[in-house]
Amino acid sequence: MNVENLSKKYDDKIVLDGITLEFPQKAVISLIGPNGAGKSTLMGIISRLLERTGGAAMFDGKDVRDWKSSELAKRLSILTQSHNVQMKLTVRELVAFGRFPYSAGHLTAEDKAIIDRAIHGAYRLARPLHR
């Protein structure tokens, strides 16, 4: 995933101006910055929730606007810091959302195995190393 010369304006207010960056494959990414820095706007454009004013947002060499939603959802997901809906979810339930493009909400045994691998893999990455 990369963005090239990405910009976003609301009327005369420039929110993003010429942002170019590349997200490495198979990596967990954090965007850190003060309120109003454009983090949510950037993620909104990448996830196609917001229209960009200029530039490009590319995933696997193809503009995100050119992907079918069902195919992009299988390859790209974004977890925001907060949600408008107040739900108490387990980690397993939250991770299961990532299987929705494949299962349409009806988890199979294969989906459950993939969820287990994802949770255990994340746990191994997050544990401090003791030597």
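Structural data are supplied above this passage.
What comes next concerns the included structure. Bear in mind that the values here come from a model prediction, so they are computed numbers and not experimental data.

Of the regular secondary structure elements, the protein chain holds five helices and four strands. Expressed as a percentage of its 131 residues, the buried residues of the protein chain come to 24%. Taking all contacts inside the protein chain whose residues are at least 6 apart in sequence as the whole, residues at least 24 apart take part in 41%. Per element, the accessible surface of the protein chain, about 10300 Å² overall, is 53% carbon and sulfur.

Okay, the nonpolar core next. Across soluble globular proteins, nonpolar side chains show a tendency to be buried alongside one another. Formed by 13 residues in total, the largest nonpolar core has its most connected members in Met1, Val3, Leu6, Leu42, Ile46, Phe59 and Val64. Listing elements by their share of this core, those giving two or more residues are strand S1 (2–10), helix H1 (39–46) and strand S3 (54–59). In terms of residue count, H1 provides more of this core than any other element does, three residues in total. Once residues within four sequence positions are removed from consideration, Leu6 is found in contact with Leu16, Asp17, Gly18, Ile19, Leu42, Ile45, Arg52, Gly54, Gly55, Ala56 and Ala57.

Below, the discussion takes up the packing of aromatic side chains. For the structure shown, the criterion picks out one aromatic pair. Over the ring of Trp67 we find Lys62, and its NZ or CZ is 4.8 Å from the ring centre. Directly above the aromatic system of Tyr102 lies the positively charged group of Arg99, at a separation of 4.1 Å from the ring centroid.

This part is about the pattern of salt bridges. Scanning the entire structure with this criterion turns up seven salt bridges. In this structure, Glu51 engages Arg65 in a salt bridge whose closest nitrogen and oxygen atoms are separated by 3.8 Å. One end of the pair, Glu51, is in the loop between H1 and S3; the other, Arg65, is in the loop between strand S4 (62–63) and helix H2 (69–75), and 14 residues separate them in sequence. Note on Arg65: relative accessible area 48%, which makes it partly exposed. Asp111 is paired through a salt bridge with Arg99; the nearest N and O atoms lie 2.8 Å apart.

As a further point, take a nonpolar patch on the surface. There is a patch of nonpolar side chains on the surface, built from Met87, Leu89, Leu94 and Phe97 and spanning about 370 Å² of accessible area. Among the structural elements, Leu89 can be located in the loop between H2 and helix H3 (91–96).

Considering the arrangement of structural elements, one finds Gly55 in strand S3. Residues Gly55 and Ile19, 36 residues apart in the sequence, show an inter-C-alpha distance of 8.4 Å. The contact partners of Gly55, leaving out residues within four places of it in the chain, are Glu4, Asn5 and Leu6.

Scoring rules and cut-offs
- Residues numbered from 1 in each chain as written.
- Predicted model: local features only at pLDDT ≥ 70, side-chain atom pairs only at ≥ 80, totals over all residues.
- Heavy atoms only, no water.
- Helix = DSSP H or I, 4+ residues; strand = E, 2+ residues; numbered from the N terminus.
- Buried < 20%, exposed > 50% of the residue type's maximum accessible area, 1.4 Å probe, protein only.
- Contact = heavy atoms within 4.5 Å.
- Areas by Shrake-Rupley, 256 points an atom, 1.4 Å probe, with all protein chains shown as cover.
- Core = buried A, V, L, I, M, F, W, Y, C linked by side-chain atoms within 4.5 Å.
- Phe/Tyr/Trp six-rings, centres within 6.5 Å; stacked < 30°, edge-to-face > 60°.
- Lys NZ or Arg CZ within 6 Å of the ring centre and 35° of its normal.
- Salt bridge = Lys/Arg side-chain N within 4 Å of Asp/Glu carboxyl O.
- Patch = residues over 30% accessible without salt bridge, like charges linked within 9 Å, V, L, I, M, F, W, Y side chains within 5 Å.

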